[in-house]
Amino acid sequence: MTKEIINQESEDKLTSILSGVSGEYFVAAELSRKGYIASITLRNTKGVDILASNSDASRSVAIQVKTNQGSKRYWIMNNKAERFHSENHFYIFVNLNGMSDPPKYYIVPSKIVAEYVISSHANWLANPGKNGKKRSDSTMRKFYDNEEKFLNRWDLLFL
C-alpha cells in the first residue's frame, strides 16, 4: 500500500485524513442504518461534516465528526469548540478501534463539549507541567469520555 493510505508508523494505522473521512462515512452509514437521512457536507463547510434529519424532515441536526484510532478515549480539538455550539449542533466522536473491530460512537451535544473543553483546559493551565513549570497556553483541546457516558447515545440527537 502507498504511504498516502497507510501511515508509515504502523501497517494498521490510517493517515489522519483517511481516518477522518472514514469516521464521517461510518457515522453517515450508522445514521442511515437507523432510518435517518444523512448527508455529508462539502469540505469547506465550517464546523459541520454531516447534516442529518428524521425521515419526514421535521427535525434536523448538524454534526461535527472527530475520529481517533486505537483504544484511546480522547479526541484532539482546537479552541473553536469553546465558542461553536448550538442546540442543534452535535459532535460524534468515533473510535475506530483498529481494523478488525467495529467503531464506537460517542454522541455529545456541542454545548457539553464547549463546557468540557473550557473547564478541562483551564484546569490544565492551572496545574504545573514538567518540573513544576507553568504551562503555556495553546489552541489544542482534548475531549475525554473515559466513563463512556456518551457511548451510543443516538437518542440525544432527538431525530
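Our structure's up above, just so we're on the same page.
About the thresholds
- Residues numbered from 1 in each chain as written.
- Predicted model: local features only at pLDDT ≥ 70, side-chain atom pairs only at ≥ 80, totals over all residues.
- Heavy atoms only, no water.
- Helix = DSSP H or I, 4+ residues; strand = E, 2+ residues; numbered from the N terminus.
- Expected span 1.5 Å × (residues − 1).
- Buried < 20%, exposed > 50% of the residue type's maximum accessible area, 1.4 Å probe, protein only.
- Arc of directions from axis to C-beta.
- Contact = heavy atoms within 4.5 Å.
- Pairing = 2+ DSSP bridges.
- Axes fitted to C-alpha atoms, helices over the stretch in contact; angles between N-to-C directions.
- Phe/Tyr/Trp six-rings, centres within 6.5 Å; stacked < 30°, edge-to-face > 60°.
- Core = buried A, V, L, I, M, F, W, Y, C linked by side-chain atoms within 4.5 Å.

### Quick notes on helix H2 (residues 110-126)
- With 17 residues, H2 ought to run about 24 Å at 1.5 Å a step, and its terminal C-alpha atoms sit 24 Å apart, in line with that.
- All of the buried residues in H2 are Ser-110, Val-113, Ala-114, Val-117 and His-121. For H2, the angular spread of buried residues about the axis comes to 100 degrees, placing them on one side.
- Looking at the packing, one finds that the buried side of H2 touches strand S4 (74-78), strand S5 (89-95), strand S6 (104-109) and strand S7 (140-144).

### Concerning the sheet that holds S6
- Read across the sheet, five strands follow the order S1-S2-S3-S5-S6 without closing on themselves; strand pairing throughout is mixed. The open sheet has two edge strands, strand S1 (37-40) and S6, and neither has a second partner. Direction aside, neighbouring strands of the sheet carry axes that sit 25 degrees apart on average.
- Against the sheet, helix H1 (residues 16-33) engages S1, strand S2 (50-53), strand S3 (60-68), S5 and S6, with an angle of about 140 degrees to S3.
- Its contacts with the sheet place H2 against S5 and S6, and it is angled at close to 85 degrees to S6.

### Considerations on the packing of aromatic side chains
- A full pass over the atoms with the stated rule returns seven aromatic pairs.
- Seen from their ring centres, Tyr-74 and Tyr-144 are 5.3 Å apart, and the 40 degrees between their planes marks the pair as tilted. Linking Tyr-74 in strand S4 with Tyr-144 in strand S7, this pair joins segments that are 70 residues apart in sequence.
- Judged by centre distance (4.6 Å) and plane angle (5 degrees), the ring pair of Phe-93 and Phe-143 falls under stacked. Here Phe-143 lies in strand S7 and Phe-93 lies in strand S5, a separation of 50 residues in the sequence.

### So, the nonpolar core
- Core analysis: the biggest nonpolar cluster contains 29 residues, and Phe-93 and Val-113 have the highest contact counts within it.
- Put simply, the parts of the chain that give this core at least two residues each are H1, S2, S3, S4, S5, S6 and H2.
- Among the elements that make up this core, the one with the highest residue count is S5 (five residues).
- Each residue touching Phe-93, except ones within four places of it in the same chain, is listed here: Lys-66, Trp-75, Met-77, Lys-104, Tyr-105, Tyr-106, Val-108, Val-113 and Phe-143.

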